[in-house]
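Each chain is listed here by its residues.
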Amino acid sequence: MASLCSRPCKLTSLLARVGGAQQARVLRAASSLVAGEPKAPTIKTNIPGPRSKQLLQELNQIQQSGSIQLFADYDRSIGNYLADVDGNVLLDVYTQISSLPLGYNHPHLLQMLTDNPHNVKTMVNRPALGVFPGADWCDKLRKVLLGVAPAGLEQVTTMACGSCSNENAYKAIFMWYRGKQRGVDFSPEEISSCMVNQPPGSPDLSILSFHGAFHGRTLGVLSTTHSKAIHKIDVPAFDWPIAPFPNYRYPLEENKQENAAEDRRCLAAVQQLIEDAAKKGRPVAGIVVEPIQAEGGDNEGSPEFFQGLQKVARSNGAALLIDEVQTGGGATGKMWCHEHFNLDGPPDVVTFSKKMLTGGFYHTAELKAPQSYRIFNTWMGDPGKLLLLEGVIEVIKKDDLLSQVRRSGDRLLSGLKQLQSEFPAMLSKTRGRGTFLAVTCSSPKLRDSLVARLKTKGIQSGGCGEDSIRLRPALIFQEHHVDIFLDRFRQVLVESK
Ligand code: PSZ
């Protein structure tokens, strides 16, 4: 079993008394899911340390490097621990902006490449998948991506990153919407007008999004991103409708009525904006929404809000796109966060990237473009990434990582609530699902200071929104990692009092 740590001997007598599945559970509970993980973080220098600073200076001569926190040593990083070039080893609860399903150097993924020449060639020969896919492409799509598809969605298109998944999903929605109005064949007028960006070939349609949303930074999707001005300033944008996203009172259990009214207010606003857009001659072809607004501050919507949104979309003939780029892949305790919402059938489109390793989108058969070359680019994803995702899903199943996420998530959530009750002047609104959790700090300054101090104690965390700390550990984050995090967070809070 590749995932056993180096200390199973201590468990021998206990294991002798239990059998099969129970034995595996005991081993898992007591050991690390990735061999060779350190027991705790190590801090040797300030971060960034001298070597990181030197590299930063070098890089800054070539490109804008202001966002860089440290230079990593990916050979020495392992499991939940990120090593840097100065010998520091951090417990990583941020995981490359939420995009590492199995942490660093997972043995199963390494083994897939060292033991299999076909897999190495898959990494070396990157095809233009829309034209020359390899013999196993269809099997891999079925086995890997359709094997974990949201129920009811049987079509999938791969892409490179989250932004380009959303870009192409929006395009698929517009094509579907115009196809409903006009049928498959284009008119000569459409063909000539689209070449000069004029209707009817370039129609005045819109995608409705929400205040606080993040759907990427490329030119089209940026018009639906509203989390921070710095992402948008100086860049022309579509004047598309933007609806309020629910802003709940916490704790949720004690504010049910107010929060239900908040859902109704936001849904009524969506309906009104759709009607206004139609009157302006800019109909809403689709609605895009994150199941939890991540960059915007881990803002949650209730299952009832999403059920209502699906109804509003349907009754207005608009497609519902759920952007699972950050929430997808298991961190909420389910493969897809929207599975928590008990929707009436699947959304029309679900986009993914990050922990899914390949970008792409699932969609209904209706949203399949009727002509080829319309949703297209050179690579259309990457079989190498799908191969790694295949390994990731094997490990998720073998090690039952969704259960692990739920266990670690429960412990983390109750630990954070405990800290919130001990430090009410500093922390509020502990929230989230699985290990996809966040807590609000009393000011943006305090948040920045807590994240910085956590790093001096060996914890790599991250912020979201103006004043929240978000937790985005890998799926292999276990109870003992939770305890290390909570212990160091408590120290930082005591010091910040
Ligand atoms: O600042 C940034 O550009 C960041 S920090 C985190 C992200 C982007 N997340 C990316 C993201 C996302 O969270 C959601 C819900 N949708 C789309 C995207 C865009 O994905 P990428 O970055 O792969 O293009």
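Residues numbered from 1 in each chain as written. Predicted model: local features only at pLDDT ≥ 70, side-chain atom pairs only at ≥ 80, totals over all residues. Heavy atoms only, no water.

1. Digging into the overall build of the protein
Turning to step 1, where the next piece is worked out: Counting secondary structure elements, the protein contains 15 helices and 16 strands.
Turning to step 2, where the next piece is worked out: Taken over C-alpha atoms, the radius of gyration comes to 24 Å for the protein, in line with the 23 Å a tight globule of 497 residues would show.
Turning to step 3, where the next piece is worked out: The C-alpha extent of the protein, read off along each of the three principal axes, is 75 × 55 × 55 Å.
Turning to step 4, where the next piece is worked out: Here the protein, with 497 residues, has 52% of them falling under the buried criterion.
Turning to step 5, where the next piece is worked out: Residue pairs at least 24 apart in sequence account for 72% of intrachain contacts in the protein once pairs closer than 6 positions are excluded.
Turning to step 6, where the next piece is worked out: Here the protein displays about 22700 Å² of accessible surface, and carbon together with sulfur accounts for 54% of that area. (Helix = DSSP H or I, 4+ residues; strand = E, 2+ residues; numbered from the N terminus. Rg over C-alpha atoms; globule rule 2.2 N^0.38 Å. Buried < 20%, exposed > 50% of the residue type's maximum accessible area, 1.4 Å probe, protein only. Contact = heavy atoms within 4.5 Å. Areas by Shrake-Rupley, 256 points an atom, 1.4 Å probe, with all protein chains shown as cover.)

2. Let's talk about the pattern of salt bridges
Turning to step 1, where the next piece is worked out: Following the criterion strictly, the structure yields 21 salt bridges and no others.
Turning to step 2, where the next piece is worked out: A salt bridge links D73 to R76, with the nearest nitrogen and oxygen atoms 3.5 Å apart.
Turning to step 3, where the next piece is worked out: Residue class for R76 comes out partly exposed when judged on its relative accessible area of 44%.
Turning to step 4, where the next piece is worked out: For R411, the salt bridge is made with D483, and the minimal N-O distance between the two is 2.9 Å. Linking R411 in helix α13 (residues 401–422) with D483 in helix α15 (residues 479–496), this pair joins segments that are 72 residues apart in sequence.
Turning to step 5, where the next piece is worked out: Given a relative accessible area of 35%, D483 falls into the partly exposed group.
Turning to step 6, where the next piece is worked out: By sharing partners, the salt bridges in this structure join K140, K143, E390 and E394 into a single network. (Salt bridge = Lys/Arg side-chain N within 4 Å of Asp/Glu carboxyl O.)

3. What to know about the sheet that holds strand β2 (residues 89–92)
Backbone hydrogen bonds hold the strands of a sheet together, and the pairing may be parallel or antiparallel.
Turning to step 1, where the next piece is worked out: Strand order in this open sheet of three strands is β1-β2-β14, and the pairing throughout is mixed. Of all strands in the sheet, those bounded by a partner on one side alone are β1 (81–83) and β14 (459–460).
Turning to step 2, where the next piece is worked out: Direction of pairing for β2 relative to β14: parallel, over a ladder of two bridges. From the neighbouring strand, D92 faces β14, where its bridge partner is Q460.
Turning to step 3, where the next piece is worked out: Here α15 sits on the sheet and contacts β1, β2 and β14; the angle it forms with β2, its principal contact strand, is near 105°. (Pairing = 2+ DSSP bridges. Axes fitted to C-alpha atoms, helices over the stretch in contact; angles between N-to-C directions.)

4. Topic: the sheet that holds strand β16 (residues 468–471)
Turning to step 1, where the next piece is worked out: In spatial order, the strands read β12-β13-β16-β15; together these four strands make up an open sheet with antiparallel pairing. Strand pairing shows two members of the sheet lacking a second neighbour, β12 (427–433) and β15 (462–464), which therefore form its edges. Strand after strand, the sheet turns through a mean of 30° between neighbouring axes, direction not considered.
Turning to step 2, where the next piece is worked out: Where β12 meets strand β13 (residues 436–441), five bridges bridge the pair, whose relative direction is antiparallel.

5. Side note on the side chain of T225
Turning to step 1, where the next piece is worked out: Along the chain, T225 turns up in the loop between β4 (206–210) and β5 (242–243).
Turning to step 2, where the next piece is worked out: Within the structure, T225 has its side chain in polar contact with the backbone oxygen of G216 (distance 2.8 Å).
Turning to step 3, where the next piece is worked out: With sequence-adjacent residues up to four places away left out, T225 is seen in contact with A213, F214, H215, G216, H231 and K232. (Polar contact = N/O pair within 3.5 Å; in protein donor to acceptor, adjacent residues only side chain to side chain.)

6. Some remarks on the nonpolar core
Turning to step 1, where the next piece is worked out: Ranked by internal contacts, the top residues of the largest apolar core, which has 85 residues, are F210, I287 and Y362.
Turning to step 2, where the next piece is worked out: With nine residues, helix α8 (residues 162–182) is the single largest residue contributor to this core.
Turning to step 3, where the next piece is worked out: Formed by 29 residues, the second largest nonpolar core is a distinct cluster that contains L450, V451, L454 and I459. (Core = buried A, V, L, I, M, F, W, Y, C linked by side-chain atoms within 4.5 Å.)

7. So, the pairing of β16
Turning to step 1, where the next piece is worked out: Residue alternation in β16 divides its side chains into two sets, S468 and R470 and I469 and L471, and both sets are buried.
Turning to step 2, where the next piece is worked out: The pairing of β13 with β16 spans four bridges and is antiparallel. Each bridged residue has a counterpart across the sheet, and for T440 the counterpart in β16 is S468.
Turning to step 3, where the next piece is worked out: Here three bridges tie β15 to β16, and the two strands are oriented antiparallel to one another. Considered in β16, the bridge of C464 is made with S468.
Turning to step 4, where the next piece is worked out: Hairpin connection between β15 and β16: a loop of three residues separates the two successive antiparallel strands, and G465 in this loop has a positive phi of roughly 60°.

8. Comments concerning the site of the ligand
Turning to step 1, where the next piece is worked out: S163, R217, E295, D323 and Q326 are the nearest of the 15 residues found near the ligand.
Turning to step 2, where the next piece is worked out: G162 is positioned with one of its backbone polar atoms (N or O) 2.9 Å from an oxygen atom of the ligand.
Turning to step 3, where the next piece is worked out: Residue K354 places a side-chain N or O atom 3.0 Å away from a nitrogen atom belonging to the ligand.
Turning to step 4, where the next piece is worked out: Here the ligand loses 82% of its free accessible area of 530 Å² to cover by the protein chains.
Turning to step 5, where the next piece is worked out: Across the shell around the ligand, the residue classes break down as four nonpolar, six polar and five charged. (Near = heavy atom within 4 Å. Nonpolar A, V, L, I, M, F, W, Y, C, P; charged D, E, K, R; others polar.)

9. Re unusual backbone geometry
Excluding glycine, most residues fall at negative phi; most peptide bonds, likewise, are trans.
Turning to step 1, where the next piece is worked out: Here the amide bond leading from P199 into P200 is cis, since omega sits at 5°, within 30 degrees of zero.
Turning to step 2, where the next piece is worked out: Along the chain, P200 falls in the loop between α9 (188–194) and β4.
Turning to step 3, where the next piece is worked out: Each neighbour pair has its own omega, and for Y250 with P251 the value is -5°, a cis peptide bond.
Turning to step 4, where the next piece is worked out: Mapped onto the fold, P251 is located in the loop between β5 and α10 (256–279).

10. Considering the packing of aromatic side chains
Centre distance and the angle of the planes are the two values used to describe a pair of aromatic rings.
Turning to step 1, where the next piece is worked out: Within the structure shown, the criterion is met by 14 aromatic pairs.
Turning to step 2, where the next piece is worked out: Relative to F305, the ring of F210 has its centre 5.9 Å away and its plane inclined at 75°; by these criteria the two rings are edge-to-face. Remark: F305 occurs in helix α11 (residues 303–315) and F210 occurs in strand β4; sequence separation between them is 95 residues.
Turning to step 3, where the next piece is worked out: Relative accessible area serves as the criterion here: at 0%, F305 is assigned to the buried category.
Turning to step 4, where the next piece is worked out: When the ring centre of W379 is taken as reference, the NZ or CZ atom of R126 above it lies at 3.4 Å. (Phe/Tyr/Trp six-rings, centres within 6.5 Å; stacked < 30°, edge-to-face > 60°. Lys NZ or Arg CZ within 6 Å of the ring centre and 35° of its normal.)

11. Side note on helix α3 (residues 50–60)
Turning to step 1, where the next piece is worked out: Where α3 is concerned, the buried positions are S52, L55 and L59. End-on view of α3: buried residues confined to an arc of 65°, all on one side of the axis. Opposite the buried face of α3, at more than 90 degrees from it, the exposed residues are P50 and Q57. (Arc of directions from axis to C-beta.)

12. Thoughts on α11
Turning to step 1, where the next piece is worked out: The first and last C-alpha atoms of α11 sit 18 Å apart over 13 residues, in line with the 18 Å expected at 1.5 Å per residue.
Turning to step 2, where the next piece is worked out: Within the span of α11, buried status applies to F305, F306, G308, L309, Q310, V312 and A313.
Turning to step 3, where the next piece is worked out: Buried residues along α11 sit against β4, α10, β6 (284–289) and β9 (319–323).
Turning to step 4, where the next piece is worked out: Remark: G317 follows α11 within two positions and exhibits a positive phi of approximately 70°. (Expected span 1.5 Å × (residues − 1).)

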